[in-house]
Amino acid sequence: MKKILFCLSIFCSFVFAFAQDTEEEEKIKIGFANFENKAIAIQKAKYHHENRYTEIKLFNLDVFIDMLQTALVKTRRFDVIERTRLDAILEEQGLGIDGIIDKEQAAVSGKISGIDFILMGTITKCGFTEKPIRIKNFEQIQKIIEFTVDFRLTDVHTGQVVLADFVEVNDVSSVLTKGNSYQSETINENFIVNVMRKASLQSAFLIANAIVPVQVSAVSGTKVKINYGNGFVETKQVYKIFPSDEFEDNLNIGFDEIARIKIRTVSSDFAIGEIINGSADDVAVGYSCLKATPSEEKEYEDIEKSEKNKSLRRRFGY
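What counts and how
Residues numbered from 1 in each chain as written. Predicted model: local features only at pLDDT ≥ 70, side-chain atom pairs only at ≥ 80, totals over all residues. Heavy atoms only, no water. Helix = DSSP H or I, 4+ residues; strand = E, 2+ residues; numbered from the N terminus. Buried < 20%, exposed > 50% of the residue type's maximum accessible area, 1.4 Å probe, protein only. Contact = heavy atoms within 4.5 Å. Axes fitted to C-alpha atoms, helices over the stretch in contact; angles between N-to-C directions. Parallel < 35°, antiparallel > 145°, perpendicular 65-115°, else oblique. Left-handed = near helix turned anticlockwise from the far one by under 90°. Nonpolar A, V, L, I, M, F, W, Y, C, P; charged D, E, K, R; others polar. Pairing = 2+ DSSP bridges. pLDDT = per-residue confidence, 0-100. Core = buried A, V, L, I, M, F, W, Y, C linked by side-chain atoms within 4.5 Å. Salt bridge = Lys/Arg side-chain N within 4 Å of Asp/Glu carboxyl O. Patch = residues over 30% accessible without salt bridge, like charges linked within 9 Å, V, L, I, M, F, W, Y side chains within 5 Å. Areas by Shrake-Rupley, 256 points an atom, 1.4 Å probe, with all protein chains shown as cover.

## Quick notes on the environment of alanine 41
Moving on, step 1. Within the secondary structure, alanine 41 sits in the loop between β1 (28-37) and β2 (42-46).
Moving on, step 2. For alanine 41, a relative accessible area of 0% translates into the label buried.
Moving on, step 3. As a C-alpha pair, alanine 41 and leucine 58 span 17 residues in sequence and 5.7 Å in three-dimensional space.
Moving on, step 4. Not counting chain neighbours up to four residues away, the residues in contact with alanine 41 comprise Ile56, Lys57, Leu58, Phe59, Cys126, Phe128 and Ile145.

What follows is the structure, given as structure tokens:
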């Protein structure tokens, strides 16, 4: 009996190891190539006890790259190859970054073993603007940091640029309120981290979606399961669903939307949403999903609040 259990244990260990190896082999390899910072955020900070300012450099390109790599790894679909590893892989094949990349076209020439895609990016904006707001006798000045990253993703097997896009995000760094001999300033100490995190998550979503599109993987009643989970999808987000063949035609987007779902639960590998607009009969496995804009999400939040208030009024008779 012990011998049988021992053999069974060895067999299970072999199967588990094989499954791990298979999963690892199936991961899509993305090499991080040229990333440049062409926009440096400078913050003017006041010295303590002195009425003068000093300029402090805030943005760190390496930190942003780490955030983007982390977001891609969390999908469990991609093996991220850092620049040092990429250089080593190319060197083994007698290649170099300068030899395979056309900088003007941001394209990759030739086939490279051990890599599926090469990602290049540029930070094109990281600066501050001010937004004044007048509230009766008070003036409120919001200082906003704006952050933009452009990137290109190239399939090394075909040399085709499969994604050329940008992400633009912002966050409030401080709020100054003054008027009637009153002045107060609120500082958001994490604003630079916030914009980098937002940009990294949105960039990773676009990159991942260009390789493995966000799609419906199952439908049951009003519940819809999609093939991305934690790291890209969050609860309360709204996704629009399109027939997969029509989703590729941008002219049809907005006219052939089948349904909308609101994400209720998220796991590491998938998310489940509930249909809030449209019919489950029209939704099928393989249909494409597109995240709703913040204004569209806000619209549905307002509708839900209104419906909840109506329900309470009916229940309590007011």
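Alright, that's what it looks like, and here's the rest.
## Observations regarding the packing of helix α2 (residues 61-73) against helix α5 (residues 191-211)
Moving on, step 1. Between α2 and α5, the least distance of the axes is 8 Å, while the angle of their chain directions is 45°. Judged by the angle between their axes, α2 and α5 are oblique. Crossing hand, α2 versus α5: right-handed. Contacts between α2 and α5 involve Val63, Phe64, Met67, Leu68, Ala71 and Leu72 from the first element and Val193, Met196, Arg197, Ala199, Ser200, Leu201, Ser203, Ala204 and Ile207 from the second.
Moving on, step 2. Broken down by class, the residue content of the contact of α2 with α5 amounts to twelve nonpolar, two polar and one charged.

## Observations regarding the sheet that holds strand β14 (residues 259-266)
Working definition: the strands of a sheet are paired by backbone hydrogen bonds and lie parallel or antiparallel to each other.
Moving on, step 1. With antiparallel pairing, six strands are arranged side by side in an open sheet as β11-β12-β15-β14-β13-β16. The two strands at the open ends of the sheet, each matched to only one other strand, are β11 (216-220) and β16 (288-291). With strand direction ignored, the average angle separating the axes of adjacent strands in the sheet is 35°.
Moving on, step 2. In this sheet, β16 lies alongside strand β13 (residues 238-242) in antiparallel orientation, the contact comprising four bridges. Residue pairing in the sheet places lysine 240 in a bridge with leucine 290 of β16.

## Structural notes on the confidence of the model for the protein chain
Moving on, step 1. Here the protein chain averages 79 in pLDDT, while 78% of its residues score no lower than 70.
Moving on, step 2. Considering only residues more than four positions removed or in separate chains, one finds that residues 246-254, a stretch of pLDDT under 50, has ten contacts.

## So, the nonpolar core
Moving on, step 1. Counting 55 residues, the largest nonpolar core has Ile30, Phe59, Phe64, Phe147 and Ile207 as the members making the most contacts within it.
Moving on, step 2. A per-element tally of this core places α5 first, with ten residues.
Moving on, step 3. Ranked by size, the runner-up nonpolar core spans nine residues in total, among them Ala33, Leu86, Leu90 and Met120.

## Focus on the pattern of salt bridges
Moving on, step 1. If you walk through the whole model with that rule in mind, you get ten salt bridges.
Moving on, step 2. Two residues, lysine 198 and aspartate 171, come together in a salt bridge whose shortest N-O distance is 3.6 Å. With lysine 198 in helix α5 and aspartate 171 in strand β9 (residues 161-179), the pair connects residues that are 27 residues apart, well separated along the chain.
Moving on, step 3. Judged by its relative accessible area of 34%, lysine 198 is partly exposed.
Moving on, step 4. What makes aspartate 171 buried here is its relative accessible area of 13%.
Moving on, step 5. The partner of glutamate 297 in a salt bridge is lysine 291, and the shortest N-O contact between them spans 3.1 Å.

## Observations regarding unusual backbone geometry
Moving on, step 1. A positive phi angle, close to 65°, is found at arginine 76, a residue other than glycine.
Moving on, step 2. Checked against the element boundaries, arginine 76 lands in the loop between α2 and β4 (78-81).
Moving on, step 3. On the accessibility criterion, arginine 76 (40% relative accessible area) is partly exposed.

## Notes on the sheet that holds β4
Moving on, step 1. Spatial strand order, β4-β1-β7-β8-β9-β10: six strands in an open sheet with mixed pairing. With one partner strand each, in any of the chains shown, β4 and β10 (182-187) form the two edges of the open sheet. Pairs of neighbouring strands in the sheet enclose a mean axial angle of 30°, with direction left out of account.
Moving on, step 2. Here β9 pairs with β10 via six bridges, running antiparallel. By the bridge assignment for β10, serine 174 is matched with isoleucine 187.
Moving on, step 3. Its contacts with the sheet put α5 on β1, β4, β7 (117-135), β8 (138-155) and β9, and the angle it makes with β9 is roughly 160°.

## A few points about a nonpolar patch on the surface
Moving on, step 1. Taken together, the side chains of Ile135, Phe138 and Tyr182 define a hydrophobic patch exposed on the protein surface, amounting to about 280 Å² of accessible area.
Moving on, step 2. Checked against the element boundaries, tyrosine 182 lands in strand β10.

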